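# Fold and geometry: a report
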Amino acid sequence: SVSSTEAHCMAVKAGQTVTFKGDFGSHPLVASGGDSPNAFSSFDSATGKITFTEADKDKLYGYVCGNHPSMMGAIYITP
């Protein structure tokens, strides 16, 4: 079970795709903090997917629910 009050962080390799699952109408995933430009600006809410490229390596990208600011996290992109 995941608490909506905890920040969730993970590390993924450059080139990987991450798939988020949920109701993005009620919980829109938006960029929040971290390196700029934030890769979450290109999040595809239709598929829940975001792919991190080689250009993203060694960067940290924050995200938050657009309706619930306590639901947040970050992804660090490793080489």
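Summarised in this report is the structure supplied together with it. (Residues numbered from 1 in each chain as written. Predicted model: local features only at pLDDT ≥ 70, side-chain atom pairs only at ≥ 80, totals over all residues. Heavy atoms only, no water.)

What follows concerns the pattern of salt bridges. With the rule as written, the count across this model stands at one salt bridge. Here E54 makes a salt bridge to K57, at a shortest N to O gap of 3.7 Å. (Salt bridge = Lys/Arg side-chain N within 4 Å of Asp/Glu carboxyl O.)

With that settled, the discussion passes to the pairing of strand β6 (residues 72-78). Both strand β5 (residues 60-65) and β6 contribute to a ladder of five bridges, which runs antiparallel. Each residue of the ladder has a partner; that of V64, found in β6, is M72. Hairpin geometry of β5 and β6 is characterised by an intervening segment of six residues between the two adjacent antiparallel strands. (Pairing = 2+ DSSP bridges. Helix = DSSP H or I, 4+ residues; strand = E, 2+ residues; numbered from the N terminus.)

Glancing now at the side chain of N38. Structurally, the position occupied by N38 is in the loop between β3 (29-34) and β4 (49-51). A distance of 2.7 Å separates the side chain of N38 from the backbone nitrogen of F40, its partner in a polar contact. If near-sequence neighbours (up to four positions away) are discounted, N38 is found in contact with A31, S32, G33, Y61 and G62. (Polar contact = N/O pair within 3.5 Å; in protein donor to acceptor, adjacent residues only side chain to side chain. Contact = heavy atoms within 4.5 Å.)

With that settled, the discussion passes to the packing of aromatic side chains. This model, assessed by the stated rule, comprises seven aromatic pairs. Pairing F20 with F40 gives two aromatic rings, centres 5.9 Å apart and planes at 65°, and the pair type is edge-to-face. Of this pair, F20 sits in the loop between β2 (17-19) and β3 while F40 sits in the loop between β3 and β4, and the two are 20 residues apart along the sequence. Looking at F40, the relative accessible area reads 2%, which means it is buried. (Phe/Tyr/Trp six-rings, centres within 6.5 Å; stacked < 30°, edge-to-face > 60°. Buried < 20%, exposed > 50% of the residue type's maximum accessible area, 1.4 Å probe, protein only.)

Looking now at the environment of K57. Positionally, K57 belongs in the loop between β4 and β5. It is 18 Å that separates the C-alpha atoms of K57 and G73, two residues lying 16 residues apart in sequence. Leaving out residues up to four positions away in the same chain, K57 has contacts with A14, I77, T78 and P79.

As a further point, take unusual backbone geometry. For the bond from S36 to P37, the omega torsion is 0°, close enough to zero to count as cis. Looking at the element boundaries, P37 is found in the loop between β3 and β4. Even without glycine at this site, D58 takes up a positive phi of about 65°. Mapping D58 onto the fold places it in the loop between β4 and β5. Taking the relative accessible area as the measure of exposure, D58 reaches 47% and is therefore partly exposed.

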